[in-house]
Amino acid sequence: MQLHGGAYTRSLKDNGTTYRRAAVQYAELSGAGVLTVDYRVAPEHPYPAALEDALLAYDWLLERGYTAKQIIIAGDSAGGGLTLATALYLRDHDMPMPAALITMSAWTNLNYKRMAPAYVGDHRADDPYISPVYGEYDGFPPMLMQVGGDERLLNDTLRVADKAKAAGVPVQQTTYDGMFHVFQMLFPELPDANEAWNEVEAFLQSIYSE
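From a predicted model like this one, the values you see are computed outputs, not experimental measurements.

A. Structural view of the pairing of strand 3 (residues 72-76). Most of strand 3 sits inside the fold, with five of its five residues counted as buried. Relative to strand 3, strand 1 (residues 2-3) runs parallel, the two sharing two bridges. Paired with L3 across the strands is G75, a residue of strand 3. Relative to strand 4 (residues 100-104), strand 3 is paired through five bridges, and the arrangement is parallel. Its bridge partner being in strand 4, A74 is matched across the sheet by I102.

B. Main features of the packing of aromatic side chains. Tallying each qualifying case throughout the model produces ten aromatic pairs. A network of ring pairs unites the aromatic residues Y8, Y39, Y47, W107 and Y119 as a single cluster. Directly above the aromatic system of F187 lies the positively charged group of R21, at a separation of 4.1 Å from the ring centroid.

C. Region of interest: the pattern of salt bridges. For the structure shown, the criterion picks out six salt bridges. When the shortest N-O distance is used, the salt bridge between R64 and E63 registers 3.9 Å. With a shortest N-O distance of 2.8 Å, D92 and R91 are connected by a salt bridge. Beyond isolated ion pairs, a larger network of salt bridges with shared partners links R40, E52 and D53.

D. Examining the nonpolar core more closely. Counting 45 residues, the largest nonpolar core has M1, Y8, Y119, F140 and M143 as its most contacted members. Elements represented by at least two residues in this core include exactly helix 2 (49-63), helix 3 (78-92), strand 5 (143-148) and helix 4 (154-166). Ignoring sequence-local partners within four residues, the contact set of Y119 consists of Y8, A42, H45, P46, Y47, P48, A50, L51, L110 and I130. Core analysis: the next-biggest nonpolar cluster, separate from the first, contains 26 residues, Y19, A22, F203 and I207 among them.

Definitions and limits used
- Residues numbered from 1 in each chain as written.
- Predicted model: local features only at pLDDT ≥ 70, side-chain atom pairs only at ≥ 80, totals over all residues.
- Heavy atoms only, no water.
- Buried < 20%, exposed > 50% of the residue type's maximum accessible area, 1.4 Å probe, protein only.
- Helix = DSSP H or I, 4+ residues; strand = E, 2+ residues; numbered from the N terminus.
- Pairing = 2+ DSSP bridges.
- Phe/Tyr/Trp six-rings, centres within 6.5 Å; stacked < 30°, edge-to-face > 60°.
- Lys NZ or Arg CZ within 6 Å of the ring centre and 35° of its normal.
- Salt bridge = Lys/Arg side-chain N within 4 Å of Asp/Glu carboxyl O.
- Core = buried A, V, L, I, M, F, W, Y, C linked by side-chain atoms within 4.5 Å.
- Contact = heavy atoms within 4.5 Å.

The structure is reproduced here in structure tokens:
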């Protein structure tokens, strides 16, 4: 289940080509089907719209006979944050947890001093379902968390990875030195992107082989 990026303000209508390529990549690397969720975006649809749509998509898969242990949720940037928020909600509401999570350059902290991202709306930006960096990670499934070493959101990934590790979660966290935000989408031209996808492939295979 793929949750796209775009600062919670860009839909698949705006960047669908990128995420079609990513969906095909996930499918080819895993041998699994891929559901890409075209969730509602801000400012027309602030929180909790994106989270509601991600949960609806997850329920849709369960209703069609997929088990939670067959589902991996993956997302980049805002989609990475939404991946974590979705899992937090599932855990908090005693719903079946997915087999694993993958984040690329996850946006996990929307709590800024001088501005409020459109997605926050009238809610508190430190709500863990908006800013997963404030969440607790007990009971989470294995996670692969990738981030570029030169991107502004580096700490968004590192802080969550540290919290999850402290909670006993199996976390594979890789920082790609010199890389920028969501560099993975420049495959196959960028060698570091190819290396990152090779790591994704190995992670997918390790989860689905269990």
